[in-house]
Amino acid sequence: MRRLWTLAALALSLTAAGCGKQDDSKDSMRGMDGTTPMKDSQPMAGMQGMPGMSEMERMGHGPATPGGTDTAGVPVDRPAAERLGITFARAATRPIAAGTRVVGTLTYAEPRREYVNARVMGWVEKLYADYEGKPVRKGDALLALYAPELVSAQEEYLSAKQLGDSTLVAAARRRLTLWDIPEDQIELLDRTGKAQRTLLLRAPMSGEIAEKKVVEGQAVQAGDNLFLIADRSVLWVDLAVFETDARMLHLGVPVELTVDALPGRTYQGRVTFIHPSLDTTTRTLTARVEVRNRDGRLRPGMYVTARLATASTQRLTVPLTAVLPTGTRQLVFVNRGDGQFVPRDVKTGARSDSLVEVVSGLKPGDEIVASATYLLDSESNLAAAMQGLMLQMGMGLNMGGMQTPGGGEMKGMDMKGMPGMKDTTPQGGKPR
């Protein structure tokens, strides 16, 4: 690095001298051997025979890659690279299954929910389903409701039977049925011939009390929802899929689900519904997945992590860590064939947990840097900057030690003897 800064100082000094005396420097400035004048057509002509100049020319005018995105090459010492954690790989055609991870929430499946409501006005005299979450079976009594209208309807039915008018009996019986009086209570009415004071409301399905909106002794109106019964043997997961991943969604895509509350357990499901519109606030699309809750350990409200996966296809891929994103470009460091690695623009496609598809920029068999690419990126940027500075002045670039014809290495050259360079040392002998 010290040699590099020495060359940079030399280059800047030569630029300053050239700006001050352009005409004089062309005639008076001579080569490093003291005999051959330097011309525009042959920059640093006196240095052409020095050791290392051919390497400088190769680095300055190395082979370009297709697309013209390669800049300064970075030579890599393999043993040193291993110590720094730099690894290498080759671009190859491999099976890759594109996938993405999204999150969602467990909810009751809507077809497995049902409300229980009152069809007449009355009062709750006895509450059997007295807390939320209570498991119930189809036909279990939920509450006993006293309703004066129901008592009157039963008495009308008994009167019609006593009269023996089959038309009136059928009409009165249909009225009781429409008020949701269970068939067993109508049969009890036939056997006893006595009107019942209360009506039993029964569970229309098996499940659990998901919502309870009534207490004992409460007056209820016709149409009031009293209970919500839900079955959680099958649950829904509403996944929030980002707009950029929407291309992976279609009906039937397999989904692997994990729940933080149940570590080590995985559940399988498939996408059964995709919402037709996008949420403009979160820029997400809602996808629904059905999952069977065989052991009953999944509960509505739990957060779920889901992995959407598509079928594996053969694609040109590289390790995911080999691609260096710069914000506007995707770079991969490629061995250009002479042991030097150069940055190259690539376009990427599908990703998996460890691989990424390369759409363009590489071909099968290309050797690349698979990890610690940021180290080579720093060296490449520094080498490119110095190469541009040297080439602008008509010089080559030597990243190693450049030697003089006498065999000594160029270290800390004294430029006071060069034309155009003024002595800035004050009379006291100390530099200003």
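Refer to the preceding data block for the structure.
What you see is a predicted model; the values in this text were computed from it and never measured.

What counts, and at which threshold
Residues numbered from 1 in each chain as written. Predicted model: local features only at pLDDT ≥ 70, side-chain atom pairs only at ≥ 80, totals over all residues. Heavy atoms only, no water. Helix = DSSP H or I, 4+ residues; strand = E, 2+ residues; numbered from the N terminus. Expected span 1.5 Å × (residues − 1). Buried < 20%, exposed > 50% of the residue type's maximum accessible area, 1.4 Å probe, protein only. Contact = heavy atoms within 4.5 Å. Axes fitted to C-alpha atoms, helices over the stretch in contact; angles between N-to-C directions. Parallel < 35°, antiparallel > 145°, perpendicular 65-115°, else oblique. Left-handed = near helix turned anticlockwise from the far one by under 90°. Nonpolar A, V, L, I, M, F, W, Y, C, P; charged D, E, K, R; others polar. Arc of directions from axis to C-beta. Polar contact = N/O pair within 3.5 Å; in protein donor to acceptor, adjacent residues only side chain to side chain. Pairing = 2+ DSSP bridges. Phe/Tyr/Trp six-rings, centres within 6.5 Å; stacked < 30°, edge-to-face > 60°. Lys NZ or Arg CZ within 6 Å of the ring centre and 35° of its normal. Salt bridge = Lys/Arg side-chain N within 4 Å of Asp/Glu carboxyl O.

Undergrad: Account for helix α5 (residues 148–163), naming residues and giving values.
TA: For α5, spanning 16 residues, the distance from its first C-alpha to its last is 23 Å, which sits close to the expected 22 Å at 1.5 Å a residue. Three or more residues of α5 are buried, namely L150, V151, A153, Q154, Y157, L158 and A160. Where α5 is buried, its residues touch β8 (141–146), α6 (166–178), α7 (183–192) and β9 (198–202). One or two residues past the end of α5 sits G164, with phi positive at roughly 80 degrees.

Undergrad: Would you mind going over the packing of α5 against α6 in detail, with residue names and values included?
TA: Two elements in contact, α5 and α6, have axes whose closest approach is 8 Å; the angle formed by their N-to-C orientations is 160 degrees. When the axes of α5 and α6 are compared, the pair comes out roughly antiparallel. Every pair of crossing elements has a handedness; the one defined by α5 and α6 is left-handed. Counted together, A153, Q154, E156, Y157, A160 and K161 of α5 and L168, V169, A172, R173, R175 and L176 of α6 form the full contact between these two elements. Here the residues of the contact of α5 with α6 sort into seven nonpolar, one polar and four charged.

Undergrad: Residues and numbers for α6, please.
TA: Between the first and last C-alpha of α6 there are 18 Å, a value that for 13 residues agrees with the 18 Å anticipated at 1.5 Å per step. Three or more residues of α6 are buried, namely V169, A172 and L176. End-on view of α6: buried residues confined to an arc of 70 degrees, all on one side of the axis. Seen from the buried face of α6, the exposed residues on the opposite side, beyond 90 degrees, are S166, T167 and L178. Elements that come into contact with the buried residues of α6 comprise α5 and α7. Looking at where α6 begins, the residue whose side-chain oxygen comes 3.0 Å from the main-chain nitrogen of T167 is D165. Positive backbone phi, approximately 70 degrees, marks D180, located one or two places after α6.

Undergrad: Run through the sheet that holds strand β23 (residues 355–360), naming residues and quoting values.
TA: Taken in spatial order, the four strands of this open sheet run β3-β18-β23-β22, and their pairing is antiparallel. Two strands in the sheet have a free side with no partner beyond their single neighbour: β3 (92–96) and β22 (347–351). Going from strand to strand, the sheet's axes swing by 60 degrees on average, the running direction of each strand aside.

Undergrad: Kindly report on the pairing of β22, identifying the contributing residues and their values.
TA: Successive residues of a regular strand alternate their side chains across the two faces of the sheet. In this structure, β22 lies alongside β23, joined through three bridges in antiparallel fashion. Bridge pairing in β23 links R351 to V356. Following β22, the chain reverses through three residues before pairing antiparallel with β23.

Undergrad: So, the packing of aromatic side chains: which residues are in play, and what are the values?
TA: In the structure shown here, the tally under the stated rule is two aromatic pairs. Their ring planes at 35 degrees and their centres at 5.4 Å tell us that F88 and F341 sit as a pair that is tilted. Residue F88 is found in strand β2 (residues 88–90), and its partner F341 is found in strand β21 (residues 340–345); the two are separated by 253 residues along the sequence. When its relative accessible area of 0% is taken as the criterion, F341 is described as buried. Its guanidinium or amino end placed over the ring of Y146, R197 lies 4.2 Å from that ring's centre, counting from NZ or CZ. Sitting over the ring of W236, R288 keeps its end group 3.9 Å from the ring centre.

Undergrad: Could you give an account of the pattern of salt bridges, with specific residues and numbers?
TA: When charged atoms on two side chains of opposite charge get close, those side chains can pair. Applying the stated rule across the entire model yields 18 salt bridges. One salt bridge in this structure joins R175 and E156, with 2.7 Å as the shortest N-O distance. Residue R175 is found in helix α6, and its partner E156 is found in helix α5; the two are separated by 19 residues along the sequence. The salt bridge partner of D190 is R173, with a shortest N-O separation of 3.4 Å. Taken as a pair, D190 in helix α7 and R173 in helix α6 lie far apart in primary sequence, 17 residues in all. Under the relative-accessibility criterion, D190 is labelled partly exposed at 29%. The structure contains a network of salt bridges with shared partners spanning K161, R173, E183 and D190.

Undergrad: Could you give an account of unusual backbone geometry, with specific residues and numbers?
TA: Residues other than glycine seldom take positive phi values, yet R283 does so here, at roughly 55 degrees. Residue placement: R283 occurs in the loop between β15 (266–274) and β16 (284–292).

Undergrad: Now, about the environment of P300: what can you tell me, with residues and values included?
TA: Tracing the chain through its elements places P300 in the loop between β16 and β17 (303–309). Under the relative-accessibility criterion, P300 is labelled partly exposed at 31%. Along the chain, P300 and R232 lie 68 residues apart, while their C-alpha atoms are 8.0 Å from each other. Setting aside anything within four residues of it in sequence, one finds P300 in contact with L106, T107, Y108, R232 and L235.

Undergrad: Tell me about the sheet that holds strand β10 (residues 207–212), and please be specific about residues and values.
TA: Strand order in the open sheet formed by four strands is β5-β12-β10-β7, with antiparallel pairing between adjacent strands. The open sheet is flanked by β5 (113–117) and β7 (135–136), the only strands paired with a single partner. Relative to strand β12 (residues 225–230), β10 is paired through four bridges, and the arrangement is antiparallel. Residue pairing for β12: E211 is matched across the bridge by L228.

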